[in-house]
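Residue strings, one per chain:
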Amino acid sequence: MSSPAFPDDLARKARGGGGSAGVHRADERDRARRLLIPVTPGERSRWGIAYALRQQRNGEPVEVVLLFVCEAVTAADGLRFRTYVEMARVQAETGAKVLHDAAQPLLAAGVPCQEIYREGDIVAQIGDVAEQLACDAIVLPRPHARIATLLARDVVREVIGRKARGVPVVTTDSGGIGVPSPAQHPRS
């Protein structure tokens, strides 16, 4: 389901040993930007895919890491009719389907794509994966208006608030156009 490294990583490591600073800068310019795009079954999470495709069409090579995070089943309601093992299997199957569906437009456009399934806290997993895979940016849909999030968790604002361990966050609209994040415009 997920590969340990993109093909470029191996070539980059092979080129990177003992080169001059000029070679290092050229390598950085030539390398594709690695974008982490968390996905869900909802349409909003696909806005990041539109962003990656737009970047690729505009001549900026990108690699995409698709991430599906499932929060652990702990509620008694979730375990009332199924065992923990059954619930975990269903969640993993759902995650695999969501990742596969999300990857199709990227693969059709020739964008290298890695699919990762994780279980745990969504915000923490996004930060961990971004750091572990040395992503250049986390791409999220523009946050909902604050009034819409009064009764629900706002993952986008939480990721932006945590600064994702130094990985910049790009928010995008439905057309795949990057928009200012709420950190830059607090009135959002």
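Attention in this report is confined to the structure presented alongside it. Values in this document were obtained by computation on a predicted structure and should not be read as measured data. (Residues numbered from 1 in each chain as written. Predicted model: local features only at pLDDT ≥ 70, side-chain atom pairs only at ≥ 80, totals over all residues. Heavy atoms only, no water.)

**Let's talk about the overall build of the protein chain**
To keep it simple, the criterion reads: In this description a helix means any DSSP run of H or I spanning at least four residues, a strand means any run of E spanning at least two, and both kinds are numbered starting from the N terminus. Each residue's exposure class comes from its accessible area (1.4 Å probe, protein chains only) as a fraction of the maximum for that residue type: buried when under 20%, exposed when over 50%, partly exposed otherwise. Any two residues whose heavy atoms approach within 4.5 Å are treated as being in contact.
Along the backbone of the protein chain there are seven helices and six strands. Starting at the N terminus and ending at the C terminus, the protein chain contains elements arranged as α-α-β-α-β-α-α-β-α-β-α-β-β. Relative to its full complement of 188 residues, the protein chain shows a buried share of 39%. Expressed as a percentage of contacts within the protein chain between residues at least 6 apart in sequence, the contacts between residues at least 24 apart total 73%.

**A short note on the packing of helix α3 (residues 47-57) against helix α5 (residues 84-108)**
Quick reminder of the rule: Every axis corresponds to a line fitted to the C-alpha atoms, with the helix fit spanning only the stretch in contact, and the corresponding angles, defined between N-to-C directions, vary from 0 to 180 degrees. Angle categories are assigned with fixed cut-offs, so that under 35 degrees is roughly parallel, over 145 is roughly antiparallel, 65 to 115 is roughly perpendicular, and the rest are oblique. For any pair of crossing helices, the crossing counts as left-handed if the nearer helix is rotated counterclockwise from the farther one by less than a right angle, and right-handed if it is rotated clockwise. Just so you know the grouping, Ala, Val, Leu, Ile, Met, Phe, Trp, Tyr, Cys and Pro go in nonpolar, Asp, Glu, Lys and Arg go in charged, and all remaining residues, Gly too, go in polar.
Where α3 meets α5, the axes come as close as 10 Å, and the angle between the chain directions of the two elements is 10°. If you check the angle between α3 and α5, you find them roughly parallel. Crossing angle aside, the handedness with which α3 passes α5 is right-handed. The segment α3 lies against α5, with I49, A52 and L53 engaging A102, P105 and L106. For the contact of α3 with α5, the per-class residue count stands at six nonpolar, no polar and no charged.

**Digging into the pattern of salt bridges**
Test applied: When a carboxyl oxygen of Asp or Glu is within 4 Å of a side-chain nitrogen of Lys or Arg, the pair counts as a salt bridge.
Under the defined criterion, the tally for this structure stands at four salt bridges. Residue R33 pairs with E60 through a salt bridge whose shortest N-O separation is 3.0 Å. Remark: E60 occurs in the loop between α3 and β2 (62-70) and R33 occurs in strand β1 (residues 33-38); sequence separation between them is 27 residues. According to the relative accessible area criterion, E60 is partly exposed, its value standing at 26%. As a salt-bridge pair, E63 and R34 come within 3.1 Å of each other at their nearest N and O atoms. Within this pair, whereas E63 is found in strand β2, its partner R34 is found in strand β1, the two being separated by 29 residues in sequence. A residue is classified by how much of its surface remains accessible, and E63, at 1% relative accessible area, is buried. Classification of R34 by relative accessible area gives buried; the value is 6%.

**Overview of the sheet that holds strand β5 (residues 169-172)**
Convention followed: Each pair of strands is called paired provided DSSP finds at least two bridges between the two strands.
Spatially, six strands are ordered β3-β2-β1-β4-β5-β6 in an open sheet, and the strand pairing comes out mixed. Sheet topology places β3 (113-119) and β6 (178-179) at the edges, where each strand pairs with a single neighbour. As paired strands, β1 and strand β4 (residues 137-141) are joined by two bridges and run parallel to one another. When the bridges of β4 are listed, L36 appears paired with I138.

Such coordinate-based values are descriptive only and should not be taken to indicate function.
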